[in-house]
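# Geometric and topological summary
Single-letter residue listing:
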Amino acid sequence: MKVNLITENLKESWDDLAGNSVSGSFLQSFTWGDFKKNLGKKVWRLAVVTDSNFLDKPCSFLAISQVVEEVLFLNFNYLYVPYGPIFQSNLDEASKKEVFTLLKQELKKIASQEKSIFVRIEPKESLNFDQDLKYCKDTSLQPLRTLFVDLKPSISEIMASFRKETRYDIRLAEKNQIEIRKGKPDDLMIFINLLRETAQQHKFNIYSENYYVSLYHTLISQNMMEFLIAEKDKQILGGLMGVVFKKTAVYLFGATASTFKNLGVSYLLLWSFIKIAKEQGCQALDLWGVGPENDSSHPWSGFTKFKRGFATKTAFTVYPGSYFLVTRPLMFQLYLWQKSMRRKRI
């Protein structure tokens, strides 16, 4: 076995493993790496392959890991592996350990080359078999828990599975003659402003304007983005950005004007996305991040309740958290100290 940097000619095979594995994610897709590059970040695509003829037999990928360089304070940096690495599904734990050891060696080389303080790895499956990693269970840049909507039943069965209140709000929006259409580039700034309004109201942070614009253009060019707009009498009331990657759709961003929040706009937007995802052959919808069940004090309690209305029969999917491969121990301690000081200021 060996580790190779993967280039554009193996994009299809890369995405097959990134999208079809049980632990796969669009964050490991080739297109997501291109999006990060468009934001000016360095990206490495590493694959553990069998020794012979891997270019002729790309299905021999044993694991893949898309690595993004992220900037810290004072121009220091770290390497980040979001929802990865992704292993071939037939590997047992001993094989995964062997494969990950090779990946880890390559990650250390890149970290040394880039003078990175650490590598932050956030997989969908446990890496507790590796003793070199520092494990932080309850911290993650990506959602630690989520809910899925099963899209395999019929549309009527999916609708019937929702909470009564959720079905009511969908019908309320329809009764108010709210229309859902595909968004256009000209709608982006209105949507971004609605996101800002929603973020201010619910006290969470959002990305820069350039992030959403680049996200739209990069993913829409690869048929991975659904951008929906809700409007009435040609006035935009809300919007939704969702990802479709292989057999899974992801509800990524949603926003509604506060003056129309009682018209069921967000419910109709998500229901429309569900129908589109099913039409495109998706088998599941990832609602992308929820807070703890029945915890009204949690800052995510509001949209957790909203999302739970669409996924009444499924248990939370919980991911392991963060693993740190520390490459500069003293600087890592400085990083932890700086983070603790920021929390105290807040």
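Before reading on, note that the structure itself is shown above.
On a predicted model such as this, the values are computed, not experimentally measured, just so you know. (Residues numbered from 1 in each chain as written. Predicted model: local features only at pLDDT ≥ 70, side-chain atom pairs only at ≥ 80, totals over all residues. Heavy atoms only, no water.)

### Structural notes on the side chain of Ser-214
To keep it simple, the criterion reads: For the purposes of this entry, the term helix denotes a DSSP run of H or I that reaches at least four residues, the term strand denotes a run of E that reaches at least two, and both are numbered from the N terminus. When accessible area is computed with a 1.4 Å probe and restricted to protein chains, residues below 20% of their type maximum are described as buried, those above 50% as exposed, and intermediate ones as partly exposed.
Positionally, Ser-214 belongs in helix H7 (residues 209-220). Taking relative accessible area as the criterion, Ser-214 reaches 11% and is therefore assigned buried.

### Some thoughts on the pairing of strand S2 (residues 43-49)
Stated formally: Following DSSP output, two strands are said to pair if at least two bridges run between them.
With seven of seven residues buried, S2 lies mostly within the body of the structure. Residues of S2 alternate between two faces, with Val-43, Arg-45, Ala-47 and Val-49 on one and Trp-44, Leu-46 and Val-48 on the opposite face, all of them buried. Two elements, strand S1 (residues 2-5) and S2, share four bridges in a ladder whose sense is antiparallel. Note that in S2 the partner of Lys-2 across the bridge is Val-49.

### Here's the deal with the packing of aromatic side chains
Selection criterion: In this scheme Phe, Tyr and Trp rings, the latter by its six-membered ring, pair at centre separations within 6.5 Å, and the angle between planes marks the pair as stacked below 30 degrees, edge-to-face above 60, and tilted otherwise. Lysine NZ or arginine CZ positioned within 6 Å of the ring centre and within 35 degrees of the ring normal marks a charge as sitting over the ring.
A full pass over the atoms with the stated rule returns 31 aromatic pairs. Seen from their ring centres, Tyr-212 and Phe-253 are 5.2 Å apart, and the 80° between their planes marks the pair as edge-to-face. You can see Tyr-212 sitting in helix H7 and its partner Phe-253 sitting in strand S13 (residues 248-256), a full 41 residues away along the chain. With respect to burial, Tyr-212 and Phe-253 carry one shared label: buried. Between the aromatic rings of Tyr-267 and Phe-310, the centroid separation amounts to 6.0 Å while the plane-to-plane angle is 25°, which identifies the pairing as stacked. With a gap of 43 residues between them, Tyr-267 in helix H8 (residues 265-279) and Phe-310 in the loop between helix H9 (301-308) and strand S15 (317-318) connect regions that are remote in the sequence. The same class applies to Tyr-267 and to Phe-310, which are both buried. An aromatic cluster of three or more residues is present, and its members are Phe-26, Trp-32, Phe-35, Tyr-83, Tyr-207, Tyr-211, Tyr-212, Phe-253, Trp-288 and Tyr-319. The residue whose ring lies beneath Lys-124 is Tyr-83, and the NZ or CZ to ring-centre distance is 5.1 Å.

### With respect to unusual backbone geometry
Leaving glycine aside, a negative phi is the common case for residues, and trans is the common case for peptide bonds. Backbone torsion omega between Gly-84 and Pro-85 reads 5°, so that peptide bond is classified as cis. Locating Pro-85 in the fold gives a position in the loop between strand S4 (77-82) and strand S5 (86-87). Positive phi outside glycine occurs at Tyr-83, with the angle close to 50°. Within the secondary structure, Tyr-83 is located in the loop between S4 and S5. By relative accessible area, which is 2% here, Tyr-83 ends up buried. The backbone phi angle of Trp-288 is positive, close to 60°, even though this residue is not glycine. Relative to the helices and strands, Trp-288 resides in the loop between strand S14 (284-286) and H9. Residue classification places Trp-288 among the buried residues on the basis of a relative accessible area of 14%.

### Some details on the pattern of salt bridges
Put simply, the test is: Salt bridge criterion: a side-chain nitrogen from Lys or Arg within 4 Å of a carboxyl oxygen from Asp or Glu.
Under the counting rule described, the total for this entry stands at 16 salt bridges. For Arg-45, the salt bridge identified is with Asp-34, shortest N-O distance 3.0 Å. Of this pair, Arg-45 sits in strand S2 while Asp-34 sits in helix H2 (residues 30-38), placing them eleven residues apart in sequence. With a relative accessible area of 5%, Arg-45 lands in the buried category.

### Observations concerning the packing of helix H5 (residues 164-175) against H8
Keep this limit in mind: Whenever a helix is involved, its axis is fitted only over the stretch in contact; in every case the axis is a line through C-alpha atoms, and angles between N-to-C directions fall within 0 to 180 degrees. Orientation is classified from the angle alone, with under 35 degrees giving roughly parallel, over 145 giving roughly antiparallel, 65 to 115 giving roughly perpendicular, and any other angle giving oblique. Contacts are assigned to residue pairs that have any heavy atoms within 4.5 Å of one another. Side-chain classes are defined by residue name, with Ala, Val, Leu, Ile, Met, Phe, Trp, Tyr, Cys and Pro counting as nonpolar, Asp, Glu, Lys and Arg as charged, and the others, Gly among them, as polar.
Put simply, H5 and H8 touch, their axes get as near as 8 Å, and they point 95° apart. Here H8 runs roughly perpendicular to H5, going by the angle between their axes. Along the contact surface, H5 presents Thr-166, Asp-169, Ile-170, Ala-173 and Glu-174, while H8 presents Val-265, Tyr-267, Leu-268 and Trp-271. Across the contact of H5 with H8, the residue classes break down as six nonpolar, one polar and two charged.

### Comments concerning H5
Here is the rule we go by: Expected helix span is taken as 1.5 Å per residue step, with the number of steps being one fewer than the number of residues. Arc definition: it is the arc formed by the directions from the helix axis to the C-beta atoms.
Taking 1.5 Å per residue as the helical rise, H5 with its twelve residues ought to reach 16 Å, and the 16 Å between its terminal C-alpha atoms agrees with that figure. For H5, every residue scored as buried is listed here: Thr-166, Asp-169, Ile-170, Leu-172 and Ala-173. The arc that holds every buried residue of H5, seen down its axis, measures 160°, which confines them to one face. For H5, the exposed residues set more than 90 degrees away from the buried face come down to Lys-164, Tyr-168 and Lys-175. Structurally, H5 contributes buried residues whose contacts are with helix H4 (155-161) and H8. Downstream of H5 by one or two residues, Gln-177 has phi in the positive range, about 60°.

### Brief notes about the environment of Leu-102
Mapping Leu-102 onto the fold places it in helix H3 (residues 93-114). Along the primary structure Leu-102 and Ala-47 are separated by 55 residues, whereas in three dimensions their C-alpha atoms are 9.7 Å apart. Every residue in contact with Leu-102, bar those within four places of it in the chain, is listed here: Met-1, Lys-2, Val-3 and Val-48.

### Quick look at the environment of Gln-105
Considering the arrangement of structural elements, one finds Gln-105 in helix H3. The class for Gln-105 is partly exposed, based on a relative accessible area of 43%.

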